[in-house]
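So you can see what is in the structure, the chains are spelled out below.
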Number of protein chains: 2
Amino acid sequence: MRAGASVFEVPPPRDERELLSRALALEGRTLEVIAAEVGVPAPGSGLRAKGKVGELIERALGARAGTASVPDFTHLGIELKTIPVDDAGNVQESTFVCRVSLHDADRAEWDTSAARAKLACVLWVPIVVPRDGSDRRVGRAVLWRPSAEEEAVLRSDFEEIMGTIGIGGIEGVTARAGQALQLRPKADSGRARTLAFGAEGERIATVPRGFYLRTRFTARILESTRVTSPTPIE
Amino acid sequence: MRAGASVFEVPPPRDERELLSRALALEGRTLEVIAAEVGVPAPGSGLRAKGKVGELIERALGARAGTASVPDFTHLGIELKTIPVDDAGNVQESTFVCRVSLHDADRAEWDTSAARAKLACVLWVPIVVPRDGSDRRVGRAVLWRPSAEEEAVLRSDFEEIMGTIGIGGIEGVTARAGQALQLRPKADSGRARTLAFGAEGERIATVPRGFYLRTRFTARILESTRVTSPTPIE
DNA sequence: ACGGATCCATCATTGGATCCAG
DNA sequence: CTGGATCCAATGATGGATCCGT
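### Re empty space enclosed by the protein
Residue and element names in this part refer to chain A.
Point 1. Considering all chains together, one arrives at one cavity of 30 Å³ or more under this definition.
Point 2. Lining the largest cavity are Lys-81, Thr-95, Phe-96, Val-97, Leu-119, Val-122, Trp-124 and Leu-213.
Point 3. Residue composition of the lining of the largest cavity, by class: six nonpolar, one polar and one charged.

In structure tokens, the structure reads:
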């Protein structure tokens, strides 16, 4: 217990096994309980809490959220993502992946992209949000690496979207493009602007964008490892 | 040309081939043109036209719609269904199959049901409804008989729904039941009533119901024979 | 009441906008 | 400006209601 360090601070996990085992140990605990254990105020529900949950779980697993420029478990090559699910385990939201640089999209390649690096290995920690408004709890964590099929879809989406941006078509790209990966605004407001190029090569100012995983893509990842299978015939 | 008969009257088709060939020949024609050819006023678009389109196509194919108690192509064992689709060929609506007798549902069996008979062989005639409001046209007709898999789904839905009604559970059956076949009101208004039985065997008055095919089930039937495949990866 | 269907208010989905801390 | 995400108004899907002619 050194001066200046919280008595509750969790050390970084030494390896993948330790990280996963810690994450699995959180299953069933409410966010309030976990917050108390790591010594931070409990994140409020709803407003004023975006991003707080992710930071709480990072801290609980030893990522020392918000204290340095080295987030998540970079030393293990693992990305942490919390993901809201309902009582039945259904994924409720899309997942932010990374920002997209619009001004040099013509040189982007999937194999060397930030998107691919972020998605190479993800520790998914479901946050169960009960419909009746009772306390949020942690669900069963899943450590995921894309299958060949999944990566093929991601690559295809990436190339389609970046290709369109690369030829000056950013203004024609909506969140409807992409089976798994989609492009959406990533800014504090719709008035934020960043540099891009138009169809004639002219400089244009447009809202910053980021890649997101569609809800249904993440849903499949979590379903494939769920204990009770809902057997969807359709 | 006999007295009393329309000069435009189409004779009944002699066989399946002739019927299908006539239906395929309608592809691309607008409803207005077909109406003029068979000598009836063009069905209005939207309101005041429910059912009119089906009767127009019946007449154009030789079913003599609305003139007798023998509709469709009973002599060939073929049911005609017009089905609205958008410009891209996407099915827009569910399809009425038949009314359901609620008071003797406990004795109903799929093999001898009106629903199975109606769906044994269907000539689907797509009606293309352009989004821009331009004239409706006939699409490419499809003659369909359920595959073993399709019939298994239909049978399962039928048995589940009729089973529930049979034990007095009609008031618990909503249009959410059934993968392919669903039960919905079939009446001129929500105040119409017919005889059924409740959970204690008591007589109850409830809104008349009918079987309908879900939009997505019909969509698959038409997709499976569509020339240009949209390649849905998901 | 039956047989031909479509209409439309309500619910579910989701694309685009936004929130917070460092 | 970045990394952590959720919010919510507008669009889409569909369950229940309805329309017409015989």
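Continuing now.
### Thoughts on the side chain of A:Glu151
Point 1. Inspection of the secondary structure puts A:Glu151 in helix H5 (residues 148–166).
Point 2. On the basis of relative accessibility, which here comes to 19%, the residue A:Glu151 falls in the buried class.

### Regarding the side chain of A:Ser94
Point 1. Position of A:Ser94 relative to the elements: it lies in the loop between strand E1 (79–85) and strand E2 (95–100).
Point 2. Those residues in contact with A:Ser94 that lie beyond four places of it in its chain are A:Gln182, A:Arg184, A:Tyr212, A:Leu213 and A:Thr215.

### Focus: helix H3 (residues 52–61) of chain A
A turn of α-helix holds 3.6 residues, and therefore any two residues three or four places apart point the same way.
Point 1. Those residues of H3(A) that fall on the buried side of the exposure criterion are A:Val53, A:Leu56, A:Ile57, A:Glu58, A:Ala60 and A:Leu61.
Point 2. Looking one or two places after H3(A), you find A:Gly62, whose phi comes out positive at around 100°.

### Some words on the sheet that holds strand E6 (residues 181–185) of chain B
All names here are of chain B.
Point 1. The sheet built from three strands is open, its strands ordered E2-E9-E6 with antiparallel pairing. The open sheet has two free edges, formed respectively by strand E2 (95–100) and E6, since each of these has just one partner strand. When strand polarity is set aside, the average angle formed by the axes of neighbouring strands in this sheet is 35°.
Point 2. In this structure, E2 lies alongside strand E9 (residues 209–213), joined through five bridges in antiparallel fashion. Opposite Cys-98, over in E9, you have Phe-211 as the bridge partner.
Point 3. This element, helix H5 (residues 148–166), spans E2, E6 and E9 of the sheet and lies at about 40° to E6.

### With respect to the nonpolar core
Point 1. Judged by nonpolar contacts, the single largest core of 36 residues is most densely connected at A:Trp124, A:Ile165, A:Leu181 and A:Phe211.
Point 2. Ranked by the residues each element gives to this core, the list is headed by H5(A), at six residues.
Point 3. Contacts of A:Leu181, omitting those with residues within four sequence positions, involve A:Val97, A:Trp110, A:Leu119, A:Leu154, A:Asp157, A:Phe158, A:Ile161, A:Phe211, A:Tyr212 and A:Leu213.
Point 4. Counting 35 residues, the second-largest nonpolar core is a separate cluster that includes B:Trp110, B:Leu119, B:Val173 and B:Ile204.

Rules used in this analysis
Residues numbered from 1 in each chain as written. Chains lettered and ligands numbered in written order. Predicted model: local features only at pLDDT ≥ 70, side-chain atom pairs only at ≥ 80, totals over all residues. Heavy atoms only, no water. 1 Å grid on protein atoms, 1.4 Å probe; cavity = no way out; pocket = protein on both sides within 12 Å on 5 of 7 lines; lining within 4 Å. Points joined across faces, edges and corners; volume = space filled by probe spheres on them. Nonpolar A, V, L, I, M, F, W, Y, C, P; charged D, E, K, R; others polar. Helix = DSSP H or I, 4+ residues; strand = E, 2+ residues; numbered from the N terminus. Buried < 20%, exposed > 50% of the residue type's maximum accessible area, 1.4 Å probe, protein only. Contact = heavy atoms within 4.5 Å. Pairing = 2+ DSSP bridges. Axes fitted to C-alpha atoms, helices over the stretch in contact; angles between N-to-C directions. Core = buried A, V, L, I, M, F, W, Y, C linked by side-chain atoms within 4.5 Å.

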